[in-house]
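Working through the structure, step by step
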Amino acid sequence: MTESTLIGIAIYVYLASWIGYLLDAAFRRRWSAVGADLLVVCGLSVHALAIGLRWAESYRLGMGHAPLSNLYESMVFFSWALGVVYLLALRKLRARILGVFVMPLVFLALASTSLMHRGIEPLMPALQSNWLTAHVI
């Protein structure tokens, strides 16, 4: 399975989780909230696998850098990080209503990457440092 296929799956899973949170907010159905939580976890897992595959692909191509070097890669990472922060906040605050507002952001950020150039390019010399990863994160 390719990285772009996994990103596509994650986009639809995030959309489904947003719908689950909307159903929970509108009808107060516990099953939709729990289902939405599970979908977020599944989406983040698939999303993380896609990031890992892209990172491995950059090494296979001989460039060997973290997938954080262009707009596409940054948006993929940003949407993943936003989902992780949401899950941490959910665990701490127990406020599922946040999912109604956060999940469309995750969905739209990741969906916007389908309009971007996906090629893996070598890093320009100014970015060839381990500080790049620390800086972006």
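Residues numbered from 1 in each chain as written. Predicted model: local features only at pLDDT ≥ 70, side-chain atom pairs only at ≥ 80, totals over all residues. Heavy atoms only, no water.

Remarks on helix α1 (residues 3–27)
The end-to-end C-alpha distance of α1 is 36 Å, a good match for the 36 Å that 25 residues give at a rise of 1.5 Å each. Where the residues of α1 are buried, they touch α2 (30–60), α3 (71–93) and α4 (98–112). Taken from the residues just after α1, Arg-28 is the one with a positive phi, measuring 55°. (Helix = DSSP H or I, 4+ residues; strand = E, 2+ residues; numbered from the N terminus. Expected span 1.5 Å × (residues − 1). Contact = heavy atoms within 4.5 Å.)

With respect to the environment of Arg-30
Inspection of the secondary structure puts Arg-30 in helix α2. Between the C-alpha atom of Arg-30 and that of Gly-20, which follows or precedes it by 10 residues, the distance is 9.9 Å.

Things to note about α4
In this model α4 runs 21 Å from its N-terminal to its C-terminal C-alpha over 15 residues, within 8% of the 21 Å that 1.5 Å per residue would give. What α4 keeps buried is the set Gly-99, Val-100, Val-102, Met-103, Pro-104, Val-106, Phe-107, Ala-109 and Leu-110. Contacts made by the buried residues of α4 are with α1, α2 and α3. (Buried < 20%, exposed > 50% of the residue type's maximum accessible area, 1.4 Å probe, protein only.)

Thoughts on the nonpolar core
Most often, soluble globular proteins have nonpolar side chains that are buried together. Of all hydrophobic cores here, the largest spans 21 residues; its most connected members are Ile-7, Tyr-14, Tyr-21, Tyr-86, Met-103 and Leu-110. Secondary-structure elements contributing two or more residues to this core are α1, α2, α3 and α4. Residues within four places of Leu-110 in sequence aside, it is in contact with Ile-7, Ala-10, Ile-11, Tyr-14, His-47, Val-76 and Ser-79. (Core = buried A, V, L, I, M, F, W, Y, C linked by side-chain atoms within 4.5 Å.)

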